[in-house]
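Coordinate inspection notes
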Amino acid sequence: RKVQVKQGNSIYEFLDAVRKQLAGEFREIKTASTEHLMYIKEDLIIPHHLTFHELITTKARGKSGPLYHFDVHEDVRLRGDATKEKDESHAGKVVERHWYEKNKHIFPASRWEIFDPAKKIEKYSIYG
């Protein structure tokens with residue numbers, strides 16, 4: 001799925017657009033309010049008040065590397081080494097807060113934590 005956002009759009013506005021797009025297919029989303037949706041990117045729960053522009057310009061980092069990466073360069077690392085940080089990022093996930101609360105003790109939700117821009121993630125970890 002794809003949702004297009006403008007430069008100044010917040011995560012809340014993005015989640016509202018996602019909710020509207022998925023409402024026809026998913027009964028749970030149709031009745032959910034935007035406040036009850038969560039955006040997960042690289043095992044981080046992104047707060048509603050942040051904008052994508054802030055995340056990109058501050059080069060926000062997730063557990064496995066940059067949340068968003070738009071630089072152009074050649075990747076010369078070994079492809080098979082899972083301990084190396086990767087430049088490509090995974091697609092974000094949108095989940096209901098109710099689902100998260102019910103499943104936060106189970107993988108993958110057990111790895112998720114709230115994004116803190118002040119926290120420096122130095123080393124890639126495959127563990128919690």
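Not measured: the values here are computed from a predicted model.

This paragraph deals with the overall build of the chain. The helix and strand inventory of the chain stands at four helices and six strands. Start at the N end of the chain and walk to the C end: the helices and strands fall as α-α-β-β-α-β-β-β-α-β. Residue burial in the chain is summarised as follows: out of 128 residues, 36% are buried. Across the chain, contacts joining residues at least 24 apart in sequence account for 55% of those joining residues at least 6 apart.

Take the pattern of salt bridges next. Oppositely charged side chains can pair when the atoms bearing their charge come close. Enumeration according to the criterion identifies six salt bridges in this entry. In this structure, Lys 104 engages Glu 101 in a salt bridge whose closest nitrogen and oxygen atoms are separated by 2.9 Å. Classification of Lys 104 as partly exposed rests on a relative accessible area of 40%. Relative accessible area serves as the criterion here: at 43%, Glu 101 is assigned to the partly exposed category. Here Lys 119 makes a salt bridge to Glu 113, at a shortest N to O gap of 2.7 Å. According to the relative accessible area criterion, Glu 113 is partly exposed, its value standing at 24%. Several salt bridges share partner residues, and in doing so they unite Asp 16, Arg 19 and Lys 20 into one network.

Okay, the sheet that holds strand β2 (residues 44-46) next. Read across the open sheet, the four strands follow the order β5-β1-β2-β6; overall the sheet is mixed. Looking along the sheet, the strands with just one partner apiece sit at the ends: β5 (93-96) and β6 (113-114). Bridging between strand β1 (residues 37-41) and β5 involves four bridges; their strand directions are antiparallel. The residue of β5 that forms the bridge with Tyr 39 is Val 94.

Rules of the game
Every chain begins its residue count from 1, and numbering advances along the sequence as written. Restriction of local features to residues with pLDDT of at least 70 applies here, the model being predicted, together with a cutoff of 80 or more for giving and counting side-chain atom pairs; totals for whole chains, interfaces and linings are based on all residues. The side-chain figures draw on all heavy atoms in the structure; neither hydrogens nor water molecules are used. Helical segments are the DSSP runs of H or I of at least four residues, strand segments are the runs of E of at least two, and each set is numbered from the N terminus. The cut-offs for exposure are 20% and 50% of the maximum accessible area for each residue type, with area from a 1.4 Å probe on protein chains only; residues under the lower value are buried, those over the upper are exposed, and the others partly exposed. Here, residues are in contact when the closest pair of their heavy atoms is within 4.5 Å. Definition used for salt bridges: Asp or Glu carboxyl oxygen within 4 Å of a side-chain nitrogen of Lys or Arg. Two strands make a pair as long as DSSP finds a minimum of two bridges between them.

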